[in-house]
Amino acid sequence: MTDKIRILAVDDEPDLRGLLRILLTNRGYDVIEAASGDEAVDILKGDNRVDLVIMDIMMPGLSGVQACAEIRKFSTVPLLFLTAKGTVDDKIEAYGSGGDDYLVKPFSQDELLMKVESLTRRYRIYKGKKESMDGNDLQLDEEHCCVLRGGKRIELTDKEFAILRF
């Protein structure tokens, strides 16, 4: 991929946003920041180039959970909650609002980076699947468990391949 992966870091604490910026830019990510849920929603409405949102839950104005629910009305961008709230009820609420993953503060930098890599990889693969599978130019390569369209490999999950083979 030629363009950098773009991450929106949302937290009302400037020190945490700064830490995320340093950690993620050192790994080659492009980081933009928002200090509130309201600001995050506004940024995402105007910028479809964000590949991941990392968001706190407890913020003034729109909470992270409320902001996530608003974002889900117009975007499928992956959203990782990074928060001090760690009860099962907090997680149920966060996932129920449309969140994709959850990490409790204080957090391991290595675990955060693994989650970032996983979420962005999946999103960029599936975001790129805009081709329709409508026609006669599909070739099923059962030996390699993949599909070719016009000679170009189309990335599929195991389940997608099984359904298509069926």
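The text that follows walks through the structure, step by step, so that each part is easy to find. (Residues numbered from 1 in each chain as written. Predicted model: local features only at pLDDT ≥ 70, side-chain atom pairs only at ≥ 80, totals over all residues. Heavy atoms only, no water.)

Comments concerning helix α3 (residues 64-71)
Those residues of α3 not exposed but buried are Gly64, Val65, Ala67, Cys68 and Ile71. Each buried residue of α3 sits inside an arc of 160° when the element is viewed along its axis, so together they form one side. At its buried positions, α3 is contacted by α2 (37-46), β3 (52-55), β4 (79-83) and α4 (88-96). (Buried < 20%, exposed > 50% of the residue type's maximum accessible area, 1.4 Å probe, protein only. Helix = DSSP H or I, 4+ residues; strand = E, 2+ residues; numbered from the N terminus. Arc of directions from axis to C-beta. Contact = heavy atoms within 4.5 Å.)

What to know about the side chain of Ser97
Structurally, Ser97 is set in the loop between α4 and β5 (101-104). A distance of 2.7 Å separates a polar side-chain atom of Ser97 from the backbone oxygen of Ala94. Beyond its immediate sequence surroundings of up to four residues, Ser97 is in contact with Val65, Cys68, Ala69, Arg72 and Phe81. (Polar contact = N/O pair within 3.5 Å; in protein donor to acceptor, adjacent residues only side chain to side chain.)

Brief notes about the pairing of β3
Alternating positions in β3 separate into two faces, Leu52 and Ile54 on one and Val53 and Met55 on the other, with burial throughout. Relative to β4, β3 runs parallel, the two being bridged by 3 bridges. The partner of Met55 across the bridge, within β4, is Phe81. Crossover β3 to β4 through α3 is right-handed. (Pairing = 2+ DSSP bridges. Right-handed = clockwise from strand over helix to strand, strands pointing away.)

What to know about the sheet that holds strand β6 (residues 138-141)
The strand order across the open sheet built from 3 strands is β6-β7-β8, with neighbouring strands paired in antiparallel fashion. For this open sheet the edge positions go to β6 and β8 (152-154), each flanked by a neighbour on one side alone. Taking the axes of each pair of neighbouring strands and ignoring which way they run, one obtains an average angle of 35° across the sheet. Of the pairings in the sheet, the one linking strand β7 (residues 146-149) to β8 comprises 3 bridges and is antiparallel in character. From the neighbouring strand, Leu148 faces β8, where its bridge partner is Arg153. (Axes fitted to C-alpha atoms, helices over the stretch in contact; angles between N-to-C directions.)

As for the nonpolar core
Leu8, Val10, Val53, Met55 and Phe81 are the most contacted members of the largest nonpolar core, which has 22 residues in total. Counting residues per element, this core draws most heavily on α3, at 4 residues. Aside from chain neighbours lying at most four places away, what touches Phe81 is Met55, Asp56, Ile57, Gly64, Val65, Cys68, Ala94, Ser97, Gly99, Asp101, Tyr102 and Leu103. (Core = buried A, V, L, I, M, F, W, Y, C linked by side-chain atoms within 4.5 Å.)

A word on the sheet that holds β3
What links the strands of a sheet is backbone hydrogen bonding, and the strands pair in either a parallel or an antiparallel sense. Sheet architecture is open: 5 strands sit in the order β2-β1-β3-β4-β5, paired in parallel fashion. Bordering the open sheet on either side are β2 (30-34) and β5, each of which pairs with just one other strand. Neighbouring strand axes in the sheet, compared pairwise and without regard to direction, differ in orientation by 20° on average. Inspection of the sheet shows β4 paired to β5 by 4 bridges, in the parallel sense. For Leu82, the partnering residue across the bridge sits in β5 and is Leu103. Along the sheet, α3 contacts β3 and β4; its crossing angle with β4, the most-contacted strand, is approximately 175°.

As for the environment of Leu80
Within the secondary structure, Leu80 is located in strand β4. With 22 residues separating them along the chain, Leu80 and Tyr102 place their C-alpha atoms 5.5 Å apart. Ignoring anything within four residues of it in the chain, the contact list for Leu80 reads Leu52, Val53, Ile54, Met55, Asp101, Tyr102, Leu103, Leu112, Lys115 and Leu119.

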